[in-house]
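Fold and geometry: a report
Take a look at the letters that make up each chain.
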Amino acid sequence: MPSKPKKVLLLGSAALKIGEAGEFDYSGSQAIKALKDEGISTILVNPNIATIQTSDHLAEKVYFLPVNAHFVERIIDKETPDGILLGFGGQTALNCGLELAETGILKQYGVTVLGTSIQAVRETEDRGLFVKKLTEIGVKVPASSAATCVSEAVRVADEIGYPVMLRIAYALGGLGSGVFVN
């Protein structure tokens, strides 16, 4: 990719209803503005028409399609972007970006991930890798372990000691989390 991309695909906020993912909508719309200020053509994928990102004065092209590898690959094939931004669409965009990278689609089409790298996304999304990275740089982390069923979670909690914080994998913002005292 040249030092400055000519065309960038932004995976949008993809909120399911009005009022969700406002932070991604705002940051994504600001990213589009910044790219335009640099003379970089922008393409947006965002299925939610009720977002600022999808306003007709921002991206050159907007695809009102689901943010998933199936549709994004077809857009990449049609639009031939130099780069892609994953950090402006929340969990949906991050998951899509990981899948595009892991299946070789980004490499196949010569699309460079801009901003946060795939490796950084992988290391922050996988709790085990995240703990390992924090430990490598000397950050203390609470005792933790993964569990795939209730009985396993209870066993881990008994080993660690209560209270415990239960978090589901691959969810931002605390969705599915809770504190358990016994």
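Because the structure is a prediction, the values reported are computed rather than measured.

Re the overall build of the protein chain
The helix and strand tally for the protein chain stands at seven helices and seven strands. When each of the 182 residues of the protein chain is scored for burial, the buried share is 37%. Counted over contacts in the protein chain with a minimum sequence separation of 6, partners at least 24 positions apart contribute 59%.

Points about the environment of Asp158
Secondary-structure assignment places Asp158 in helix α7 (residues 150-160). Along the chain, Asp158 and Asn182 lie 24 residues apart, while their C-alpha atoms are 8.7 Å from each other. Here the side chain of Asp158 touches Tyr162 through a polar contact of 3.4 Å, side chain to side chain.

Looking at the sheet that holds strand β2 (residues 41-45)
Read across the sheet, five strands follow the order β3-β2-β1-β4-β5 without closing on themselves; strand pairing throughout is parallel. The open sheet has two edge strands with one neighbour each: β3 (61-63) and β5 (112-114). On average, each strand axis in the sheet is inclined to that of its neighbour by 25 degrees, with strand direction left out of account. For β2 and β3, the ladder comprises three bridges, and the chain directions are parallel. Opposite Leu44, over in β3, you have Val62 as the bridge partner.

Quick word on the pattern of salt bridges
Going through the model one piece at a time under the given rule, you end up with seven salt bridges. Residues Glu159 and Arg155 are paired through a salt bridge, measuring 2.8 Å at the closest nitrogen-oxygen approach. A residue pair is termed a helical-turn pair when its members lie 3 or 4 positions apart in one helix, as Glu159 and Arg155 do in helix α7 at four residues. Taking the relative accessible area as the measure of exposure, Glu159 reaches 58% and is therefore exposed.

Concerning the packing of helix α5 (residues 118-125) against helix α6 (residues 127-136)
Here α5 crosses α6 at 100 degrees, and the two axes come no closer than 5 Å. Compared by their axis directions, α5 and α6 come out roughly perpendicular. Across the interface between the two elements, Arg122, Glu123, Thr124 and Glu125 of α5 pack against Arg127, Leu129, Phe130 and Lys133 of α6. Classifying every residue of the contact of α5 with α6 by side-chain character gives two nonpolar, one polar and five charged.

Observations regarding the packing of helix α3 (residues 90-102) against α5
When two helices pack together, their arrangement is given by the angle between the helix axes and the distance between those axes. In contact at an axis separation of 10 Å, α3 and α5 are set at 120 degrees when each is read in the N-to-C sense. As the angle between them shows, α3 and α5 are arranged oblique. Judged by the sense of rotation from one axis to the other, the crossing of α3 with α5 is left-handed. Contacts between α3 and α5 involve Gln91, Leu94, Asn95, Gly97, Leu98, Ala101 and Glu102 on the former and, on the latter, Ile118, Val121, Arg122 and Glu125. Here the residues of the contact of α3 with α5 are counted per class, giving five nonpolar, three polar and three charged.

With respect to the environment of Thr124
Inspection of the secondary structure puts Thr124 in helix α5. Of note is the side chain of Thr124, whose polar atom sits 3.1 Å from the backbone oxygen of Val121.

Some words on the pairing of strand β1 (residues 7-11)
For β1, the tally of buried residues reaches four of five residues, placing the bulk of the element in the interior. Relative to β2, β1 runs parallel, the two being bridged by five bridges. When the sheet's bridge partners are listed, Leu9 is paired in β2 with Ile43. With three bridges connecting them, β1 and strand β4 (residues 83-85) associate as parallel partners. Its bridge partner lying in β4, Leu9 is registered against Ile84.

The rules behind each value
Residues numbered from 1 in each chain as written. Predicted model: local features only at pLDDT ≥ 70, side-chain atom pairs only at ≥ 80, totals over all residues. Heavy atoms only, no water. Helix = DSSP H or I, 4+ residues; strand = E, 2+ residues; numbered from the N terminus. Buried < 20%, exposed > 50% of the residue type's maximum accessible area, 1.4 Å probe, protein only. Contact = heavy atoms within 4.5 Å. Polar contact = N/O pair within 3.5 Å; in protein donor to acceptor, adjacent residues only side chain to side chain. Pairing = 2+ DSSP bridges. Axes fitted to C-alpha atoms, helices over the stretch in contact; angles between N-to-C directions. Salt bridge = Lys/Arg side-chain N within 4 Å of Asp/Glu carboxyl O. Parallel < 35°, antiparallel > 145°, perpendicular 65-115°, else oblique. Nonpolar A, V, L, I, M, F, W, Y, C, P; charged D, E, K, R; others polar. Left-handed = near helix turned anticlockwise from the far one by under 90°.

Take it as geometry only, folks, not as evidence of what the structure does.
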